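These are the residues of each chain, in order.
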Amino acid sequence: MLIERESPLQRLRELARKAAAGQGAVALVSGEAGIGKSCLLKEFTAGLGAGYQVLQGGCEDLYTPRALGPLRDMAPQLGPELAGLLEGAAGSTRLFPQLLAWLAGAPATTVLVVEDLHWADQATLDLLKYLARRLAGLRVLLLASVRSDELVAGHAFWRWVGDLPPACTERLALAPLSPQGVAQLATAAGRDAEELYRISAGNPFFVTELLAGTGAGTRLPMSIRDAVWSRMARLPEDERSLLELLSVSPAACEDWLLAGVLGPQAMAACDSCLARGLLQLTPKGHYLFRHELARLAVASQLAPARLRQLHARLCEVLETPAPAQRPPELARLVHHAAAAHDALRVLRLAPRAAHEAAQLGAHRQAAGHLATALRFVSEATPAPQAAQLYEDWSYEAGLVRIDDEVIAARHQAIALWRGLGRADKAGFNLRWLSRLHWYRGEAELAARYGMEAIALLEQLPHSSELAMAYSLRSQHEMLQDHPAAAIAWGERALALAGEVGDIETRVHALNNIGTARLFSGQAEGQDLLEESLRLALQHGYHEHAARCYTNLSECAVTAKRFALAERVLAQGIAFDSEHDLDAWTHYLVGWQAQLRMAQGRLAEAQQIAQGVLALPHLTLLMRLPALTVLGRTRARLGQADGSAYLEQALQGALATGEPQRIVEASLGLAETAWVAGDLAACRATLAALAQHDVAGVNLWERGELALWQQRAGLPLLAAAQGAALPPPIAAELAGDGQAASALWLELGLPFEAGLALLRVGGQEAGAAALRAVALFEQIGARSAAARARALACNLGQGAGLPKARRGPYQAARSHPAGLTRREAQILDLLLAGQSNAAIARQLVRSPRTVEHHVSALLEKLGASNRCELMRRMQQKIGREQRESG
């Protein structure tokens, strides 16, 4: 009987009905251990009736979780093709789409139940995120339970849940029973309700187990643990032995495994414990405790020597299964071997388990297995095996995080490989060490280790490793704005890659060369980048393809080629999201914020940048684009903290040593100071920037630097003199602010157009200042608008100034979603099914203007595309109609 669970049960039934109608959803049931999550899900699935199929799986508290453990539990119901992919350790790119297709084609509405998500492996989290992002139009309900008291800060769950689509995700947090609910149970059992509530705090499991004379938990009151041990003491010896054995296995145990450890009498003991309600059978016929907390309570009374003995026996029997049984999962073997302190077995099994997990995309779990193996590395471990363990762990852990421990493991591997005379392996690890330091923004160390790798590998026969080392050096030079060196190293990499037949290095080198050429103003660079992208997509190099989208987008935004930028950003973000390349997605979204800022869409740019920076575990390089944009947009919007964000961005840029990043943050600070009238601060920032070698930065950034030097009354740097600077910059430097403003507007940069108008002199100065005020106020650039207003008043144009705006438009303030009148009008036309071109004709606006309005609508209403926007609005309309009816 469920007590005080009517509301969540009813909500799950509503979600099931919607799923049957093609509105798939995710429901997360959370609460502390013993709160009744499993009972709620059991009650719900039992009442589904015809038209539904239930697939159920769970995660266990192994030292390192099983890769895709829940899916393995469901495998018998998924058919031979999916089961074969799973057993063959097929990668996520094959397995995940196949499962999605199976769900889409299922004749019945599918309810996927995954219990104990707090113990999930990374591959399971990736799978569930993949499904959650794609089930909105499927007849699928994904239910997951999670212990809230296991979710410590930094737990992988928090990042996972933050990536779920909010529109189709439901959170159901279960609360403890009230005193009245406990009283209802206590009264029926003739117990003291007040005392029962005091010691149980309303936890349903504690209550029911105390009423039955048993209880459990990881941090149980002594009274509850005493109740468990008291009941154990009254059991026959064979049943106690069975429960002790089961208590050390987080996974359910097979009958042949129990019989192999305890003998044939184990089955009779299983039957007795089932009858007593201590154990339960899984759908596969495996045995486990009815409550996890009871298992932990039993295990807590075992002496260390007894624990090791039981783990050792389980490991021995698991490695010698009956002929009819399939081989046991490696994760279970590693767990028991480690708990038995069996070093040789751990060192033999853990690397295999890590490889299996990595093949499934569970890199966090692969790192966990290797970390377990490293606990048993000693002087007796053969040096080649120890070196490989450090190398492999650094790689797998480095995909999750990059810290001092990961770098130290690379150093350890290098030292061991050098001691063995393996220069090839030492060079391989030096190359990776360079990459790790680059990710951390440590440019000098990255360059040093990269060159060490090259020097070492050049002493050996030509190899793919040397080719990639050359290409990484090319990438480093490109990021340091040394285009000639980047191209030279890249061409060396291309030549060697062709010699050894290395397609991956060719993809990487083409990207470097193309980016260097494009930033140098050479149009053929785009062709090289697009060839790199084509090869990356053709050969399935997803991360290289993401890098192509990123660099091409960055080039397009920097060169003010906004149509190309919009196209490549949209394609890149879609690709990265489709392949769950979250880090690359966040970096690319940071450049989308840069584009919106350049277009004068400051509020959007700020919102996008804040969203990126709120994400956990971003490296410095992933944060910098968004941090710089946030600082500049906040400053332009008149917010006092803009300079503080820009200072953070500058410190991060200095750590990378990359001139392009240093220039952008510095110019943001110079702009902020100049607009505020602080000429001394502006000049100080520019003087500090002049100490850096910026000769290799692209022409647009060199030109912007020249503009700020001229505006601040400073002589131009040599890097800007004689250069063929972009037309709007050249016009303003030549003293023609009016022409410069027109050219900026033609490119789509209203803020820069307004700044150019402030430089107009003579009789046209007053009218130019008024136009600057209009431009700044149109985009909400309050600080610059204030300066332009002051200038207009000084020029005698005060009477011609428009009334100052305060806050958003009235229509936007009154609209429930914050839409302007024009945005609301376009939303109505979108819902009527009109295309952007048709809307543009009807409103007598350019298609580009309409595209901007549609993008703003999607952002404000939290939709990723037009289809999702229309679906959400239709659901909202239907909900409002039902409520009004």
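Residues numbered from 1 in each chain as written. Predicted model: local features only at pLDDT ≥ 70, side-chain atom pairs only at ≥ 80, totals over all residues. Heavy atoms only, no water.

1. Topic: the confidence of the model for the protein
Point 1. Residues at a pLDDT of 70 or more form 91% of the protein, whose mean pLDDT is 87.
Point 2. Confidence drops under a pLDDT of 50 for residues 214-218, and excluding neighbours within four residues, the segment shows 22 contacts in the predicted structure.
Point 3. The low-confidence segment residues 807-814, where pLDDT is below 50, has 12 contacts with residues more than four positions distant or belonging to other chains. (pLDDT = per-residue confidence, 0-100. Contact = heavy atoms within 4.5 Å.)

2. Description of the state of the cysteines
Point 1. This model, assessed by the stated rule, comprises zero disulfides.
Point 2. Not part of a disulfide, Cys-315 finds its nearest cysteine sulfur in Cys-253, a span of 12 Å.
Point 3. No disulfide involves Cys-548; its sulfur sits 11 Å from that of Cys-555, the nearest cysteine. (Disulfide = S-S within 2.5 Å.)

3. A closer look at the sheet that holds strand 3 (residues 109-115)
Point 1. Reading across from one edge, 2-3-4-1-5 is the order of the five strands in this open sheet, with parallel pairing throughout. Both outer strands of the open sheet, strand 2 (52-58) and strand 5 (169-173), are each paired with one neighbouring strand and no more. Between one strand and the next, the sheet's axes are offset by a mean angle of 15 degrees, whatever the strand orientation.
Point 2. With seven bridges connecting them, strand 2 and strand 3 associate as parallel partners. Looking across to strand 3, one finds that Leu-55 is bridged to Leu-112.
Point 3. Its contacts with the sheet place helix 1 (residues 6-20) against strand 1 (25-31), strand 2, strand 3, strand 4 (140-147) and strand 5, and it is angled at close to 150 degrees to strand 4. (Pairing = 2+ DSSP bridges. Helix = DSSP H or I, 4+ residues; strand = E, 2+ residues; numbered from the N terminus. Axes fitted to C-alpha atoms, helices over the stretch in contact; angles between N-to-C directions.)

4. Some points on helix 14 (residues 266-276)
Point 1. Among the residues making up helix 14, those that are buried are Ala-266, Ala-269, Cys-270 and Cys-273. Buried residues of helix 14, viewed axially, fall in a sector of 105 degrees; they line one side.
Point 2. Where helix 14 is buried, its residues meet helix 12 (237-247), helix 13 (255-262), strand 6 (279-281) and strand 7 (287-289).
Point 3. Following helix 14 by one or two positions, Gly-277 adopts a phi angle in the positive range, close to 80 degrees. (Buried < 20%, exposed > 50% of the residue type's maximum accessible area, 1.4 Å probe, protein only. Arc of directions from axis to C-beta.)

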